[in-house]
Amino acid sequence: MYQRLKPYEGRPAATAGTGKDPVNAPMIRHWCEAMGDTHPAYTGPGAVAPPTMLQVWTMGGLSGHTGPTGRSGAYDELLALLDGAGCTSVVATDCEQEYVRDLRPGDTVTFDAVIESVSARKTTRLGTGYFVTTRTDVRAGGHLVGTHRFRILKYAPARPRVTHKRPRPVINRDNAGFWDGVAAHRLLIQRCTGCGTLRFPWLPGCDTCGSGAWDTVVASGEGTVYSYVVMHHPPFPAFDPPYAVALVELAEGVRMISNITGVPYDEVRIGMPVRLEFLRVDEELELPVFRGGGAR
């Protein structure tokens, strides 16, 4: 199979692509708000786009690219070969970006993509398959502004191990104190003793001032739904979809991901008040979750 895939290396994945929209201030603003990035370089006169938005300007949205801007026939053939070999599942594994110059509002982005590499057959915990890497060269005004490498794994899913328990949290020396707090029905937030910044999830050092010294504060348990998704797929025996998973903003200002309980999944809303509670999942595991509506 690898001998059939290898010749696709170097063939185009997309040719003469054009971004659907010029680089623009509203998209930059939305990105910065979502990422919590308040750097002044991205606002006001002379603003530039954050470098990590490089891929944003090449994306086709839900409707995708059409015509000559769309995916190449060679890339479609490669994916069809992998599908025919049973590698019908796909997961994005990583990306690498290189930046040549800043993009500014008004720049029109063009791009070309090439199938840079196809790996030999690999066995992973997800299953057996092949890593496919594409490289996209992004230009503005005909000049290279950056390169985006994107790697996927096309694989045949491994047969899952039968289990009906929730996945166990990974507990290590950096977060053991958090789980000790959960066991005592306390939601502990780290606080840097150097600058006073609260942080969650737990980290070995402060990403504001770099100090490694910290203590904890006990969260009040009050919060609001900052964002959420409703999980329908994939099914997992320990869960009963559909169910809501939310990014909860605590009263203290930090955010954490957890389940929403006490209200139907389709009644969860952004801004909904929630209240901390501890859910006994099984004889070994208890988790902090949030009851919708702020009810105790």
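Remember, predicted model here, so these are calculated numbers, not experimental data. (Residues numbered from 1 in each chain as written. Predicted model: local features only at pLDDT ≥ 70, side-chain atom pairs only at ≥ 80, totals over all residues. Heavy atoms only, no water.)

Visitor: Looking at this model, I keep getting lost on the overall build of the protein chain. Mind explaining?
Guide: Summing up its helical and strand segments, the protein chain has four helices and 14 strands in all. Counting only C-alpha atoms and orienting by the principal axes, one finds that the protein chain spans roughly 60 × 55 × 40 Å. Within the protein chain, the proportion of its 296 residues that are buried is 35%. Taking the contacts inside the protein chain whose residues are at least 6 apart along the sequence as the reference set, 64% of them involve residues at least 24 apart. Accessible area for the protein chain stands at about 16,800 Å²; split by element, carbon and sulfur atoms hold 55% of it. Distance between charge centres in the protein chain, computed from 31 positive and 30 negative side chains, equals 5 Å. (Helix = DSSP H or I, 4+ residues; strand = E, 2+ residues; numbered from the N terminus. Buried < 20%, exposed > 50% of the residue type's maximum accessible area, 1.4 Å probe, protein only. Contact = heavy atoms within 4.5 Å. Areas by Shrake-Rupley, 256 points an atom, 1.4 Å probe, with all protein chains shown as cover. Lys, Arg positive; Asp, Glu negative; His and termini not counted. Charge placed at Lys NZ, Arg CZ, Asp CG, Glu CD.)

Visitor: What am I meant to see in the sheet that holds strand E9 (residues 214-218) here?
Guide: Across a sheet, strands are paired by hydrogen bonds formed along the backbone, either parallel or antiparallel in direction. Pairing within the open sheet is antiparallel, and its three strands lie in the order E8-E7-E9. Each having just a single partner strand, strand E8 (198-199) and E9 make up the two edges of the open sheet. Note that strand E7 (residues 188-192) and E9 share five bridges and pair antiparallel. Across the sheet, the residue bridging to cysteine 192 is tryptophan 214, located in E9. (Pairing = 2+ DSSP bridges.)

Visitor: Hey, could you run me through the pattern of salt bridges in this one?
Guide: Side chains bearing opposite charge may pair, as long as their charged atoms lie close to each other. Tallying each qualifying case throughout the model produces 20 salt bridges. For aspartate 83, the salt bridge identified is with lysine 154, shortest N-O distance 2.5 Å. With a gap of 71 residues between them, aspartate 83 in helix H3 (residues 73-84) and lysine 154 in strand E6 (residues 143-157) connect regions that are remote in the sequence. Overall, aspartate 83 belongs to the partly exposed group, its relative accessible area being 35%. (Salt bridge = Lys/Arg side-chain N within 4 Å of Asp/Glu carboxyl O.)

Visitor: Sorry, what's going on with the confidence of the model for the protein chain here?
Guide: Residues with a pLDDT of 70 or more make up 96% of the protein chain, whose mean pLDDT is 92. At the low end of the mean pLDDT range in the protein chain sits strand E1 (residues 12-18), at 90; at the high end sits E7, at 97. (pLDDT = per-residue confidence, 0-100.)

Visitor: Would you mind showing me how to read the sheet that holds strand E14 (residues 286-292) here?
Guide: Read around the closed barrel, five strands run E10-E11-E12-E14-E13, paired in mixed fashion. Neighbouring strand axes in the sheet, compared pairwise and without regard to direction, differ in orientation by 50° on average. As defined by bridge partners, strand E10 (residues 222-231) adjoins strand E13 (residues 273-280) across three bridges and the pair is classed as antiparallel. Within E13, the residue paired with glutamate 222 across the bridge is arginine 275. Against the sheet, helix H4 (residues 176-183) engages E13 and E14, with an angle of about 65° to E14. (Axes fitted to C-alpha atoms, helices over the stretch in contact; angles between N-to-C directions.)

Visitor: Help me understand the packing of aromatic side chains, please; the structure alone is not making it clear to me.
Guide: Ring pairs (aromatic) are described by centroid distance and by the angle formed between their planes. Applying the stated criterion across every chain, the model contains five aromatic pairs. Geometrically, the ring pair formed by phenylalanine 178 and phenylalanine 200 is edge-to-face, given 5.4 Å between the ring centres and 65° between the ring planes. A residue pair is termed long-range when its members are at least 10 positions apart, and phenylalanine 178 in helix H4 and phenylalanine 200 in the loop between E8 and E9 qualify at 22 residues. Ring centres 5.2 Å apart and planes at 65° place the aromatic pair tryptophan 202 and tryptophan 214 in the edge-to-face group. Taken together, the positions of tryptophan 202 in the loop between E8 and E9 and tryptophan 214 in strand E9 put the pair twelve residues apart, joining distant regions of the chain. With a relative accessible area of 35%, tryptophan 214 lands in the partly exposed category. Within the aromatic cluster, the residues linked to one another by ring pairs are Phe178, Trp179, Phe200, Trp202 and Trp214. Sitting above the plane of the tyrosine 226 ring, arginine 255 keeps its charged end 3.6 Å from the centroid. (Phe/Tyr/Trp six-rings, centres within 6.5 Å; stacked < 30°, edge-to-face > 60°. Lys NZ or Arg CZ within 6 Å of the ring centre and 35° of its normal.)

Visitor: Teacher, can you tell me more about the side chain of arginine 166 here?
Guide: Within the secondary structure, arginine 166 sits in the loop between E6 and H4. Lacking a salt bridge, the buried arginine 166 has aspartate 282 as its closest oppositely charged neighbour, with an N-O distance of 7.6 Å. There is a polar contact of 3.3 Å between the side chain of arginine 166 and the side chain of asparagine 259. With sequence-adjacent residues up to four places away left out, arginine 166 is seen in contact with Ala238, Phe239, Asn259, Leu279, Val281, Leu285 and Leu287. (Polar contact = N/O pair within 3.5 Å; in protein donor to acceptor, adjacent residues only side chain to side chain.)

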